2 protein chains.
Amino acid sequence: MKLTSKGRYAVMALVDLARFDTINPVSLRDISLRQGISLDYLEQIFSKLKKNQIVKSTRGTQGGYFLSKKPNEIKLTNILNAVDEKVKTVQCKKESKKGCNGKATKCVTHDLWDELETHINTFFEKKSLQDLLKNNSERVN
Amino acid sequence: MKLTSKGRYAVMALVDLARFDTINPVSLRDISLRQGISLDYLEQIFSKLKKNQIVKSTRGTQGGYFLSKKPNEIKLTNILNAVDEKVKTVQCKKESKKGCNGKATKCVTHDLWDELETHINTFFEKKSLQDLLKNNSERVN
DNA sequence: TCTAAACTTGACCATTTTAGTCAGGTATGT
DNA sequence: ACATACCTGACTAAAATGGTCAAGTTTAGA
Ligand code: FES
Ligand code: FES
């Protein structure tokens with residue numbers, strides 16, 4: 001059970017953005033350098049963040065990205081869903097009556113995993129970008 | 001962020017074992033049939049469960065596996081660790097001072113993921129096999 | 001004693017996912 | 001015009017996943 005880099009990068013990048021986009025838009029190049037993330041990879045990630053209205057952008061020289069909402073309105077769950085870092089604990093389709101092994105009833109562990117999923121999602125729904133900002137405000141480069 | 005089949009199967013198999021090992025050892029073949037898990041794959045999983053003293057076995061005809069402790073003494077965390085389904089949220093080595101991106105300091109999201117890891121592990125430490133048994137006791141095949 | 005059931009071990013493999021790279025664009029401020 | 005920066009899609013090496021396969025060893029019971 002692990003978190004992928006895509007999700008981690010998305011949050012790192014947005015924390016960076018939240019810190020530096022107050023005056024001008026921030027270029028991916030800057031984020032790439034500051035956070036040590038591949039520029040090309042960042043572009044893929046921001047493409048999704050933009051589709052999900054988490055960031056907006058202006059093109060051209062001096063262009064860049066900026067948050068489309070305030071940091072306290074952006075929850076972790078929004079970010080991770082945007083980049084397809086979904087929490088997936090059950091194997092079966094939830095709506096279906098069938099179990100993960102193809103049997104007619106849900107498997108003996110189904111309810112457990114479902115409970116776990118809720119447990120994790122609750123964590124993500126509570127945390128906002130703002131929360132991450134507080135803890136790191138002192139160590140601006 | 002997802003749970004792998006190995007972890008899911010391990011728990012399913014042990015719930016099965018807890019239900020049926022009270023009189024005789026249970027063969028993997030039976031578990032395979034009841035739970036719909038590949039026999040060969042189960043063998044790999046049980047090899048690890050045995051190394052971690054979660055189950056014991058007797059060989060030969062009428063042999064099989066049985067739990068080495070009582071269901072309420074076996075926590076989810078024991079099971080999942082045994083089959084290497086570890087929760088891994090941070091990318092960096094925790095002891096190291098370096099961050100996940102090779103920089104000198106921990107990244108801006110490190111503490112967040114660490115907190116998430118604790119959050120998930122707490123869930124696994126609370127739940128025991130016994131808890132799963134209760135919820136499913138009525139639907140014995 | 002013979003045999004079949006069941007555990008044991010290790011190698012092997014197809015598919016999928018991950019974490020990117022690469023090669024082109026297009027838009028725009030100066 | 002031109003450099004900067006966003007945008008798009010195709011491609012890929014490496015790792016993880018979810019198994020299978022082959023060749024044992026052990027032991028209960030006929
Ligand atoms: S996880 Fe839903 S039936 Fe097994
Ligand atoms: S996750 Fe530990 S430094 Fe980034």
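Residues numbered from 1 in each chain as written. Chains lettered and ligands numbered in written order. Predicted model: local features only at pLDDT ≥ 70, side-chain atom pairs only at ≥ 80, totals over all residues. Heavy atoms only, no water.

1. Comments concerning the overall build of chain A
So, step 1. For chain A, the helix and strand inventory stands at six helices and two strands.
So, step 2. Shown N-terminal to C-terminal, the secondary structure of chain A runs as helices and strands in the order α-α-α-β-β-α-α-α.
So, step 3. Here the C-alpha atoms of chain A give a radius of gyration of 18 Å, more than 25% beyond the 14 Å that 2.2 N^0.38 yields for 141 residues.
So, step 4. Counting every position in chain A, which comprises 141 residues, the buried fraction comes to 45%.
So, step 5. Across chain A, the fraction of contacts at a sequence separation of at least 24, relative to all contacts at a separation of at least 6, is 61%.
So, step 6. With an accessible surface of roughly 7500 Å², chain A has 47% of that area assigned to carbon and sulfur atoms. (Helix = DSSP H or I, 4+ residues; strand = E, 2+ residues; numbered from the N terminus. Rg over C-alpha atoms; globule rule 2.2 N^0.38 Å. Buried < 20%, exposed > 50% of the residue type's maximum accessible area, 1.4 Å probe, protein only. Contact = heavy atoms within 4.5 Å. Areas by Shrake-Rupley, 256 points an atom, 1.4 Å probe, with all protein chains shown as cover.)

2. A short note on a positive patch on the surface
So, step 1. Together, Lys2(A), Lys88(A), Lys2(B) and Lys88(B) line one region of the surface with positive charge.
So, step 2. Secondary-structure assignment places Lys2(A) in the segment before helix H1 (5-20). (Patch = residues over 30% accessible without salt bridge, like charges linked within 9 Å, V, L, I, M, F, W, Y side chains within 5 Å. Salt bridge = Lys/Arg side-chain N within 4 Å of Asp/Glu carboxyl O. Lys, Arg positive; Asp, Glu negative; His and termini not counted. Charge placed at Lys NZ, Arg CZ, Asp CG, Glu CD.)

3. Things to note about the relation of the copies chain A and chain B
So, step 1. The operation relating chain A to chain B is a screw motion whose rotation component is 180 degrees, with 0.0 Å of axial translation and a residual RMSD of 0.1 Å. What the rotation and shift describe, once combined, is the action of a two-fold rotation axis. (Least-squares fit on C-alpha atoms with pLDDT ≥ 70 in both.)

4. A word on the protein's contact with DNA strand D
So, step 1. Around DNA strand D, a shell composed of 26 residues is seen, among which Lys50(A), Tyr65(A), Ser38(B), Gln44(B) and Arg59(B) lie nearest.
So, step 2. Sugar plus phosphate: this is where 58% of the atoms of DNA strand D within 4 Å of the protein reside.
So, step 3. Residue Glu43(A) places a side-chain N or O atom 3.3 Å away from a base nitrogen belonging to DNA strand D.
So, step 4. Secondary structure elements with two or more residues in the surface near DNA strand D: helix H3 (39-51), strand S1 (55-58) and strand S2 (64-67) of chain A together with helix H1 (5-20) and helix H3 (39-51) of chain B. (Near = heavy atom within 4 Å. Polar contact = N/O pair within 3.5 Å; in protein donor to acceptor, adjacent residues only side chain to side chain.)

5. Some words on unusual backbone geometry
Residue and element names in this part refer to chain B.
So, step 1. In this model, Gln-53 sits at a positive phi of 55 degrees, which is unusual for a non-glycine residue.
So, step 2. Along the chain, the position of Gln-53 falls in the loop between H3 and strand S1 (55-58).
So, step 3. Of note in this structure, Gln-62 is not a glycine but carries a positive phi near 65 degrees.
So, step 4. Among the secondary structure elements, Gln-62 is positioned in the loop between S1 and strand S2 (64-67).
So, step 5. Overall, the relative accessible area of 70% leaves Gln-62 in the exposed class.

6. A word on the side chain of Arg8(B)
So, step 1. Secondary-structure assignment places Arg8(B) in helix H1.
So, step 2. The side chain of Arg8(B) sits in the buried core without any salt bridge; Glu85(B) is the nearest counter-charge, 7.7 Å away.
So, step 3. The contact partners of Arg8(B), leaving out residues within four places of it in the chain, are Thr89(A), Val90(A), Gln91(A), Cys100(A), Thr109(A), Trp113(A) and Leu3(B).

7. Let's talk about the protein's contact with DNA strand C
So, step 1. The environment of DNA strand C is formed by 26 residues, the closest being Ser38(A), Gln44(A), Arg59(A), Glu43(B) and Lys50(B).
So, step 2. Backbone atoms, meaning sugar and phosphate, form 59% of the atoms of DNA strand C found within 4 Å of the protein.
So, step 3. Here a phosphate oxygen of DNA strand C sits 2.8 Å away from a polar atom, N or O, in the side chain of Tyr9(A).
So, step 4. At the level of elements, H1 and H3 of chain A together with H3, S1 and S2 of chain B are the ones that each hand at least two residues to the surface near DNA strand C.

8. Looking at the interface of chain A and chain B
So, step 1. Facing the 41 residues of chain A at the interface are 41 residues of chain B.
So, step 2. Between chain A and chain B, roughly 3800 Å² of surface is buried when both sides are summed, and carbon and sulfur atoms account for 62% of that area.
So, step 3. At the boundary of chain A with chain B, the tally comes to two salt bridges.
So, step 4. For the interface between chain A and chain B, the tally reads 20 residue pairs in polar contact (both at pLDDT 80 or more).
So, step 5. Every element with two or more residues in the side of chain A that touches chain B is listed here: H1, helix H2 (28-35), helix H5 (110-126) and helix H6 (129-136) of chain A.
So, step 6. When residues of the side of chain A that touches chain B are assigned to their parent elements, the largest contribution, nine residues, is made by H5(A). (Buried area = accessible area lost by both parts, 1.4 Å probe.)

9. Things to note about the side chain of Glu117(A)
So, step 1. Inspection of the secondary structure puts Glu117(A) in helix H5.
So, step 2. Under the relative-accessibility criterion, Glu117(A) is labelled buried at 10%.

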